[in-house]
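Residues per chain, in single letters:
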Amino acid sequence: MNIQLKKISYSLTASHFKEKLIFRDFSLDINRDTNFSITKVLLPNNYGKSSLLKLMAGIIKPSSGEVVVSSDIKKIVYIPSLPATFNFATVEQNIEHILSFAELKLADVKDEYKTLVEISDLSGYEDHRPDPLSFGFRFRIMIIASILAGAQCILLDDIFSHLDSPTASELKELIEILAQKYSTWFIEV
Amino acid sequence: MSTKKTAVISLILLTIVIAAEFVIPTNPYLPTATELSEGVKLLHSETGFLFKLIATAGEVLAVLLLATGLAFVTVLLLPLKLFSQNDALRSHGFAGYMVPHFIIALLIITWFGNDGFAGFVVITLLTASQIVLFLIKRLRSYPMRYIEFFSTLSDSSEKAQKKLIQKLILPSIAEDLYAHHLSVWSITLIVGFLQNNNDSYAGVLRYAYDLWDTPLVFVSVMFLMVIIYFTGLGLKGLSVGVITEDVQ
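Colleague: So what's going on with the pairing of strand β6 (residues 153-156) of chain A? Which residues, and what values?
Modeller: All names here are of chain A. Judged by which residues are buried, β6 turns out to be covered on both faces: Cys 153 and Leu 155 on one side and Ile 154 and Leu 156 on the other are all buried. The pairing of strand β5 (residues 76-79) with β6 spans four bridges and is classified as parallel. In the strand pairing of β6, Ile 76 is matched with Cys 153. Relative to strand β7 (residues 185-188), β6 runs parallel, the two sharing four bridges.

Shown next, in the form of structure tokens:
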């Protein structure tokens, strides 16, 4: 698995009249090393870490240059720095909602769903509505739903910075298990 | 007016009525409980007010349901860039809420006279337009990360955004019904009152107003407040909550 950014230029619209240059002729070649569960891209703060992931996920388009994704990656999912689950829905309903965006139904992946719920310690919480402030819990829902939706590569946008230390460790352990079991490539900034 | 305020006002009125019966000496301003019970009997025999109250509540709920459905369909047909976080629509949204109900009612009467159905249609369209502005404002306040996450799951970003809009606005139906039910009540009653519509509860209010009989006015207003309170309570109870920005 490989993602290449070739001579990327990208500017962010800062206001109606101003544009902030984020990347100019920026190139990066990221390869998956199966010895590690997470590939970490190190960049200082305010150097466009989120923009980098969004370019890789195709959420934003570069003004010049191109992003080349290897053919073994069919789906790249971007997980933002704060969770994006529906607080009016239960864990199971949230997963159903997320799957519907990938044109999938829960019934299509029922067995895998049960396994993933078990692995991620969400077993018994299927009918529970996630607390809006429980970020770790909500990230777990998003990650397992992304795997169920068929993501081969998951981009984590600084998600651990909003978690307390024990929760971050638990989530990293889960990611390690998922990376091994499902061969999912996690890239974190 | 919130349901809490309505409950407080109803409680104050009830206290005044009880005080008028037992504490305050007989006077032409505050009716006693006995006068009120006579007022209920008179109002029932002369106007059949309970039936009209239920009919008006039904009309209000019908306006709300039709307007909400219409608003939801409209929002799904609107171009996606309307929901982007710029200020282009903010001023229009604000203006929509600033038009006093009395002015709206007067305009409806001026244009359509005593045509009850035309009034119903105009109130529905007006409410729908207010809900549309309300929904746009709400959708524009949703965090961008929802669009970013869900668009990567889908093959098409535009399709994902449309689907996300559906998912975000559908659970807010009860919120929208609750937020607009008081304005629909007030416009419906003002229009009915000015039209002297005897089929509506506004006709009952008009009857009490024309006689200028204090117990009748008290009774008619009290029943109205009670049904508005319970309608609001019912709509609020259906609410499942909407997504707001997380507190960190």
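Colleague: For the sheet that holds strand β2 (residues 19-31) of chain A, give the residues involved together with the corresponding values.
Modeller: All names here are of chain A. With antiparallel pairing, the three strands of this open sheet are ordered in space as β2-β1-β4. Only two strands of the sheet have a single neighbouring strand rather than two, namely β2 and β4 (64-69). Going from strand to strand, the sheet's axes swing by 20° on average, the running direction of each strand aside. The sheet contact formed by strand β1 (residues 2-13) and β4 spans five bridges and is antiparallel. Paired with Gln 4 across the bridge in β4 is Val 68.

Colleague: Break down the pattern of salt bridges for me, citing the residues and quoting the values.
Modeller: On inspection of all chains with the given rule, the structure shows six salt bridges over all chains. One salt bridge in this structure joins A:Glu188 and A:Lys40, with 3.0 Å as the shortest N-O distance. Here A:Glu188 is found in strand β7, whereas its partner A:Lys40 is found in strand β3 (residues 38-40), with 148 residues between them in sequence. Among the ionic pairs, B:Glu148 bridges to A:Lys54, the shortest N-O distance being 3.1 Å. With one member in each of two chains, B:Glu148 in helix α7 (residues 144-153) and A:Lys54 in helix α1 (residues 49-57) form a pair that bridges those chains.

Rules and cut-offs
Residues numbered from 1 in each chain as written. Chains lettered and ligands numbered in written order. Predicted model: local features only at pLDDT ≥ 70, side-chain atom pairs only at ≥ 80, totals over all residues. Heavy atoms only, no water. Buried < 20%, exposed > 50% of the residue type's maximum accessible area, 1.4 Å probe, protein only. Helix = DSSP H or I, 4+ residues; strand = E, 2+ residues; numbered from the N terminus. Pairing = 2+ DSSP bridges. Axes fitted to C-alpha atoms, helices over the stretch in contact; angles between N-to-C directions. Salt bridge = Lys/Arg side-chain N within 4 Å of Asp/Glu carboxyl O.

All we've got here are geometric facts, nothing functional implied.
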